Amino acid sequence: MSVQNSEKTLSRKQRLQEKQRRQLAVVDTVDKAEAKVRKAELELAVAVTEAVQVFGDEHAASEGLDMPAEAIRRFLGMAQDEAARADDASEASGEA
């Protein structure tokens, strides 16, 4: 009996370890995908900022890009936040 219990326990333990391994792998994949999305959003924010400059204002950029004005403002805010973070980082490192 003890051999069967040992094998059964080992099997349960192995199943749990495999489940945990898969969960950690999925979390890692999601983390990487979120990082890619954040990077793409920041690139889009920079492009939208440039579009606003080229089109002249938010309204014209909204029409020219066929993008809602709220989205334009959101991306402009993201670009401003990122620029502020970059400024803070350069000041903190003494590059100011």
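For the structure, check the block above.
Below is a short write-up of the structure. (Residues numbered from 1 in each chain as written. Predicted model: local features only at pLDDT ≥ 70, side-chain atom pairs only at ≥ 80, totals over all residues. Heavy atoms only, no water.)

1. Quick notes on the side chain of Ser 62
Logical step 1: Take Ser 62: it is sitting in helix α2 (residues 58–65).
Logical step 2: Look at Ser 62 and you get buried, because its relative accessible area is 13%.
Logical step 3: In this structure the side chain of Ser 62 is engaged in a polar contact, spanning 3.5 Å, whose partner is the backbone nitrogen of Ala 69.
Logical step 4: In this structure, Ser 62 is in contact with Met 67, Pro 68, Ala 69 and Ile 72, ignoring residues within four places of it in sequence. (Helix = DSSP H or I, 4+ residues; strand = E, 2+ residues; numbered from the N terminus. Buried < 20%, exposed > 50% of the residue type's maximum accessible area, 1.4 Å probe, protein only. Polar contact = N/O pair within 3.5 Å; in protein donor to acceptor, adjacent residues only side chain to side chain. Contact = heavy atoms within 4.5 Å.)

2. As for the packing of aromatic side chains
Logical step 1: Counted under the stated rule, the structure contains zero aromatic pairs.
Logical step 2: The ring centre of Phe 75 lies 4.5 Å from the NZ or CZ of Arg 74, which sits over that ring. (Phe/Tyr/Trp six-rings, centres within 6.5 Å; stacked < 30°, edge-to-face > 60°. Lys NZ or Arg CZ within 6 Å of the ring centre and 35° of its normal.)

3. Here we look at the pattern of salt bridges
Logical step 1: The final tally for this structure, using the stated rule, is seven salt bridges.
Logical step 2: In this structure, the salt-bridge partner of Glu 18 is Arg 22, at a minimum N-O distance of 3.9 Å. Of this pair, Glu 18 and Arg 22 both sit in helix α1 (residues 2–55), separated by four residues, roughly a single helical turn.
Logical step 3: Accessibility expressed as a relative area gives 31% for Glu 18, which makes it partly exposed. (Salt bridge = Lys/Arg side-chain N within 4 Å of Asp/Glu carboxyl O.)

Without other data, these values stay purely geometric and don't point to any function.
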